[in-house]
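Each chain is listed here by its residues.
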Amino acid sequence: MPMNTQILLDHRPTRKVSPANFRIVENPVPTPGPGEVLVRHQFLSLDPYMRGRLSDAKSYAKPQEVGAVMGGGAVGIVEASNNPGFKGGDAVVGMGGWQRYSVSDGNGLRVIDAKAIPIQAYLGAVGMPGVTAWYGLHRIIAPEKNETVLVSAATGAVGSVVGQLAKIAGARAVGIAGGPEKCAYAIRELGYDACVDHKSLRFAEDLKDALFNGVDGLFENVGGEPFQQALRRLNDFARVAICGLIASYEGPPTALPDMRVFLVRRIKVEGFIVSDHMNLWPQAIGELAALAAAKKLTWRETIRDGLENAPQGLVELLQGENFGKMLIRVN
Ligand SMILES: NC(=O)c1ccc[n+]([C@@H]2O[C@H](COP(=O)([O-])OP(=O)(O)OC[C@H]3O[C@@H](n4cnc5c(N)ncnc54)[C@H](OP(=O)(O)O)[C@@H]3O)[C@@H](O)[C@H]2O)c1
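Remember, it's a predicted structure, so these values are computed and weren't measured experimentally.

## Here's the deal with the confidence of the model for the chain
- Mean pLDDT over the chain: 97, with 100% of residues reaching 70 or higher.
- Helix α7 (residues 260-264) is the least confidently modelled element of the chain, averaging 94 in pLDDT, while strand β8 (residues 148-152) averages 99, the highest of any element.

Now the structure itself:
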């Protein structure tokens, strides 16, 4: 009998997540019922928001259930379908979770074109992280030509798209990234005008030099000390999109400085969650897919092979060890 490998949350982490928080089980591959679709997964998405779901603290989404398959985005191929919206062989994206096969009633499952664009891009630049970049940049920062947009985690799944969209909008894009290799890639491949290494001892001075015109739009993905430095460079009427605070997910909370800066510089600060804006996803994905197909949008991936390596991959992502979109190839 064909078996389905599944990874369950065994118990919640108290501080840093570890592979010991998860457990692997084998169950028979399910048979899709009426109206249902069986999907064989090819890639799983690892995302920073997963850390929040592992906790049962009150948040914008329900916590991951203990003893259940770990939730998460997945792309794959339809193996069998009793749903008229899907047929065998369709490439699809959905929230199939950390398992080899998933069954869906079709809700939240979408057929994708995996010919012009690699299938796993629907978990990255042409998926949820891409839409996040699109929303925060276009709907919150809304840069005008020649304004300066500063992006933290500039080469990551979200940040790499923000930088490229900012350039397309005619802005000056400055990135913050961890290490010289990421910074070189940000400038050479993603088109950033400058990139500052937050691991360098000269970070504060280098950031000031790179931001010689200040910051009109700050796309914040990280928090922590680099965020404090970035706030010091805001221009009057700057817009700050709080997208994520990954440095604080397992570390100390990111504090706000003296609030006076927001008053005297007339700053707009807006936090956002991309899933609150589902009505805009078709437009955003349409634009991102067109850019990707025209080779005007690029990205990088860190791929770990093997479903069983998903827990370790999540640990690496939360430690910032990925370079580009973090994925698991299910083989
Ligand atoms: N609001 C929303 O709806 C939404 C949706 C998706 C993602 N997000 C948020 O957006 C941010 C980026 O997500 P992503 O999927 O694109 O991840 P990612 O940028 O691909 O990966 C995370 C990156 O964060 C950087 N980082 C800096 N300091 C870190 C620290 N102390 N610990 C861990 N990482 C650190 C690392 O890059 P460097 O080495 O370059 O610093 C790391 O590679 C996250 O905060 C995430 O929660 C929000």
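## Concerning the packing of aromatic side chains
- As enumerated under the stated definition, the model contains four aromatic pairs in all.
- Where Y185 meets F323, the ring centres are 5.3 Å apart and the plane angle is 90 degrees; that geometry is what we call edge-to-face. Taken as a pair, Y185 in helix α4 (residues 180-188) and F323 in the loop between α9 (310-318) and β15 (325-329) lie far apart in primary sequence, 138 residues in all.
- When the ring centre of F323 is taken as origin, the NZ or CZ atom of K182, which lies over that ring, is 5.9 Å away.
- The lysine or arginine in question, R300, covers the ring of Y185, its NZ or CZ lying 5.6 Å from the ring centre.

## Looking at the site of the ligand
- Taken together, 28 residues form the shell around the ligand, and within it H198, N221, Y249, V274 and N322 come nearest.
- At 2.8 Å, a backbone N or O of V158 approaches an oxygen atom of the ligand.
- One of the backbone nitrogen or oxygen atoms of V274 is found 2.7 Å away from an oxygen atom of the ligand.
- Within the complex, the protein chains bury 90% of what would otherwise be the 910 Å² of accessible surface of the ligand.
- In terms of residue class, the shell around the ligand is made up of 17 nonpolar, ten polar and one charged.

## Examining the nonpolar core
- One finds V75, V126 and F219 to be the most contacted residues of the largest nonpolar core, which totals 52 residues.
- Among all residues touching V75, those that are not within four sequence positions of it are H41, Q42, F43, V92, V93, I112, I119, Q120, Y122 and L123.

## Some words on the sheet that holds β8
- Within the open sheet, the six strands sit side by side as β10-β9-β8-β11-β12-β13. Their pairing is parallel. If you trace the sheet from one side to the other, it starts and ends with β10 (194-197) and β13 (268-271), each paired once. Along the sheet, successive strands turn relative to each other by an average axial angle of 15 degrees, direction set aside.
- As paired elements, strand β9 (residues 172-177) and β10 share four bridges and run parallel to each other. Bridging from a neighbouring strand, A177 pairs with D197 of β10.
- Those strands touched by α4 are β9 and β10, and its axis lies near 170 degrees from that of β10.
- Contacts from helix α5 (residues 203-210) reach β8, β9 and β10, with the element oriented near 170 degrees to β10.

## Let's talk about the pattern of salt bridges
- Counted by the stated rule, this structure contains 16 salt bridges.
- Linking R202 and D209 is a salt bridge whose minimum nitrogen-to-oxygen distance equals 3.9 Å.
- For the salt bridge of E270 with K268, the shortest nitrogen-to-oxygen distance reads 3.7 Å.

## Some remarks on the pairing of strand β3 (residues 37-45)
- Along β3, seven of the nine residues are buried, which leaves the element largely enclosed by surrounding structure.
- Across seven bridges, β3 lies against strand β4 (residues 74-81) in antiparallel orientation. Bridge pairing links V39 to V78 in β4.
- Here β3 pairs with strand β6 (residues 101-104) via four bridges, running antiparallel. By the bridge assignment, V39 is partnered in β6 with S102.
- The pairing of β3 with β15 spans three bridges and is antiparallel. Considered in β15, the bridge of L44 is made with I328.

So, how was this worked out
Residues numbered from 1 in each chain as written. Predicted model: local features only at pLDDT ≥ 70, side-chain atom pairs only at ≥ 80, totals over all residues. Heavy atoms only, no water. pLDDT = per-residue confidence, 0-100. Helix = DSSP H or I, 4+ residues; strand = E, 2+ residues; numbered from the N terminus. Phe/Tyr/Trp six-rings, centres within 6.5 Å; stacked < 30°, edge-to-face > 60°. Lys NZ or Arg CZ within 6 Å of the ring centre and 35° of its normal. Near = heavy atom within 4 Å. Polar contact = N/O pair within 3.5 Å; in protein donor to acceptor, adjacent residues only side chain to side chain. Areas by Shrake-Rupley, 256 points an atom, 1.4 Å probe, with all protein chains shown as cover. Nonpolar A, V, L, I, M, F, W, Y, C, P; charged D, E, K, R; others polar. Core = buried A, V, L, I, M, F, W, Y, C linked by side-chain atoms within 4.5 Å. Buried < 20%, exposed > 50% of the residue type's maximum accessible area, 1.4 Å probe, protein only. Contact = heavy atoms within 4.5 Å. Pairing = 2+ DSSP bridges. Axes fitted to C-alpha atoms, helices over the stretch in contact; angles between N-to-C directions. Salt bridge = Lys/Arg side-chain N within 4 Å of Asp/Glu carboxyl O.

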